[in-house]
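What the coordinates show
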Amino acid sequence: MPKILIMPKSFQKYKEKPIEMLTTMGYEVIENTTGKTLTEEQLLSFTDQDVVGIIVGVDPFTEEVLHKFTSLKAISKYGVGMDNIDLQAATAQGIKVENAKDTNNISVCELALALMFECARKLSSTIKGVKDFGWDRSIGIELTGKHLLIVGGGKIGKEVAKRAKGLAMEVTIYDPYMRDEEFLQAHQIGYATDFTEIIQQADIISLHLPATSETKHIMDAAVFENMKPSAMLINTARGELVDEQALLSALVQGQIAIAAQDVYSVEPPEVGDALVQLDNFILTPHIGAYTEEAVERMAIVSTQNILNLLNEQG
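Here is a short report on the structure shown in this document. Treat the numbers as computed from the prediction; the structure is a model and nothing was measured.

**Notes on helix α12 (residues 292-313)**
A rise of 1.5 Å per residue sets the reference length of α12, with its 22 residues, at 32 Å; its end C-alpha atoms lie 32 Å apart and thus fit the reference within 8%. All of the buried residues along α12 are Ala294, Val295, Met298, Ala299, Ser302, Thr303, Asn305, Ile306, Leu307, Leu309 and Leu310. Looking at the packing, one finds that the buried side of α12 touches β1 (3-6), α1 (16-24), β3 (51-56), β4 (74-77), β5 (96-99) and α5 (105-121).

Structure, rendered in structure tokens:
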């Protein structure tokens, strides 16, 4: 029987219906049962099997890995961002690739907002203080009236923008490729064309971009030098967007006030990582899309996508 490989860790939670969808269509299912994201070397252990389709999370499907899957016809991304897949190599091999659009927009958006509140009110540290039977208070700030710069006007960025307006924030989107005047006007959202200028005005910067050669380290030392000392950075997109050494320096020197991320250049970070240990740096373990609703949607949509892709391939 042709085989379909299922990689994502969280897929296990809602796998019953997707696996039934696959077996009904005559496919044998192979699951990643390690509970971990696999390395390139570990992925190669599956290449000796007749795998025609793969549902992938954030595992690195590089050109080398793809070449070893000689029977592979289709890849379905369990999520939206596809920067862990060498799309050029996949195209060259005739492998069809599709992502699970519109499945985790709300979940990632809500985490971005949650991190803003965390930075503004220092909730985690104050809660921990009370549980340790202390009663020290830490003064916070209001989000109302603050200028939020959303870098990346895709579907997640737009969801953040709509909700931020509901919090009475001033919202601007920076995205050279966004052409949606109707959305901007409907929600009274500003649009910036000069990144260097707008970062000087923002109280909060929230990143919602894919990781590409163009966007890598879009937040670098020069950007941090131009930000307000009171500004906060939120990153729920990709770790590669931020120059972490520059961020470390910016936080230590007080060039910006605080940063919160759900992503990191190396996940999990190495023990003793200097940035992670800072009090004004918050890192969550890549949980943006990890809600019951999003996980279920991603499981069903990515499964239907792989079936559609394989059907198209014949």
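After presenting the structure, the write-up continues.
**Some remarks on the pattern of salt bridges**
Applying the stated rule across the entire model yields 10 salt bridges. Note that Asp132 is salt-bridged to Lys128, the shortest N-O span being 2.9 Å. This pair shows no difference in class: Asp132 is exposed, exactly as Lys128 is. Across the salt bridge formed by Lys228 and Asp203, the nearest N and O atoms sit 2.9 Å from each other. Of this pair, Lys228 sits in the loop between α10 (221-226) and β10 (232-235) while Asp203 sits in the loop between α9 (195-198) and β9 (204-207), and the two are 25 residues apart along the sequence. With relative accessibility at 26%, the residue Lys228 sits in the partly exposed group. It is possible to trace a salt-bridge network through shared partners that takes in Glu159, Lys162 and Arg163.

**Details of the side chain of Lys3**
Within the secondary structure, Lys3 sits in strand β1. The class for Lys3 is buried, based on a relative accessible area of 15%. Non-local contacts of Lys3, meaning those with residues more than four positions away in its chain, are made with Glu28, Ile30, Gln49, Asp50, Val51, Val52 and Gly53.

**A few points about the sheet that holds β3**
Within a beta sheet, neighbouring strands are joined by backbone hydrogen bonds and run either parallel or antiparallel to one another. Taken together, the five strands give an open sheet; going across it, the order is β2-β1-β3-β4-β5, and neighbouring strands pair in parallel fashion. Taken across any chain shown, the strands that pair with only one partner, and hence form the sheet edges, are β2 (28-31) and β5. Across the sheet, the axes of successive neighbouring strands diverge by a mean angle of 20 degrees, strand direction being ignored. Examined bridge by bridge, β1 and β3 share four bridges and lie parallel to one another. What sits directly across from Ile4, in β3, is Gly53. Across the sheet, α1 touches β1 and β2, and the angle it forms with β2 is around 140 degrees.

**Brief notes about a nonpolar patch on the surface**
Together, Phe117, Leu123 and Ile127 give the surface a local cluster of nonpolar side chains, amounting to about 250 Å² of exposed area. As for its placement among the helices and strands, Ile127 is situated in helix α6 (residues 123-131). On the basis of relative accessibility, which here comes to 47%, the residue Ile127 falls in the partly exposed class.

**Some words on the sheet that holds β10**
Taking strand neighbours across the sheet as the criterion, the seven strands line up as β8-β7-β6-β9-β10-β11-β12 in an open arrangement whose pairing is parallel. Of all strands in the sheet, those with a lone pairing partner are β8 (190-192) and β12 (281-283), marking the two edges. Sheet twist, expressed as the mean angle between neighbouring strand axes with direction ignored, is 20 degrees. As judged from the three bridges shared by strand β11 (residues 258-261) and β12, these two strands associate in the parallel manner. Its bridge partner lying in β12, Ala259 is registered against Phe281. Helix α11 (residues 244-253) contacts β10, β11 and β12 of the sheet and is inclined by roughly 145 degrees relative to β11.

**Things to note about helix α7 (residues 155-166)**
Owing to its 3.6 residues per turn, the α-helix aligns residues three or four sequence positions apart on the same side. In this model α7 runs 17 Å from its N-terminal to its C-terminal C-alpha over 12 residues, within 8% of the 16 Å that 1.5 Å per residue would give. Along α7, the residues that are buried comprise Ile156, Gly157, Glu159, Val160, Ala161 and Ala164.

**What to know about the nonpolar core**
The biggest cluster of nonpolar side chains holds 48 residues, and the ones touching the most others in it are Met116, Leu148, Val160, Ile173, Ile204, Ile234 and Ile306. The element contributing the most residues to this core is α5, with nine residues. Excluding its chain neighbours within four sequence positions, the residues that come into contact with Ile173 are Leu149, Ile150, Gly153, Ala161, Met178, Phe183, Leu184, Ile189, Gly190, Tyr191 and Ala192. Listed in part, the 31 residues of the second largest apolar core include Ile198, Met219, Met227 and Phe281.

**As for the pairing of strand β6 (residues 147-151)**
β6 sits mainly inside the fold: five of its five residues count as buried. Of the two faces of β6, the one carrying His147, Leu149 and Val151 and the one carrying Leu148 and Ile150 are both buried. The sheet contact formed by β6 and strand β7 (residues 170-174) spans five bridges and is parallel. The residue bridging Val151 from the neighbouring strand is Tyr174, located in β7. Read from β6 through α7 to β7, the crossover connection turns out right-handed. Two strands pair when backbone bridges link them, and β6 and β9 are joined in this way by four bridges, in the parallel orientation. Looking at β9, one finds that Leu149 is bridged to Ile205.

Conventions adopted
- Residues numbered from 1 in each chain as written.
- Predicted model: local features only at pLDDT ≥ 70, side-chain atom pairs only at ≥ 80, totals over all residues.
- Heavy atoms only, no water.
- Helix = DSSP H or I, 4+ residues; strand = E, 2+ residues; numbered from the N terminus.
- Expected span 1.5 Å × (residues − 1).
- Buried < 20%, exposed > 50% of the residue type's maximum accessible area, 1.4 Å probe, protein only.
- Contact = heavy atoms within 4.5 Å.
- Salt bridge = Lys/Arg side-chain N within 4 Å of Asp/Glu carboxyl O.
- Pairing = 2+ DSSP bridges.
- Axes fitted to C-alpha atoms, helices over the stretch in contact; angles between N-to-C directions.
- Patch = residues over 30% accessible without salt bridge, like charges linked within 9 Å, V, L, I, M, F, W, Y side chains within 5 Å.
- Areas by Shrake-Rupley, 256 points an atom, 1.4 Å probe, with all protein chains shown as cover.
- Core = buried A, V, L, I, M, F, W, Y, C linked by side-chain atoms within 4.5 Å.
- Right-handed = clockwise from strand over helix to strand, strands pointing away.

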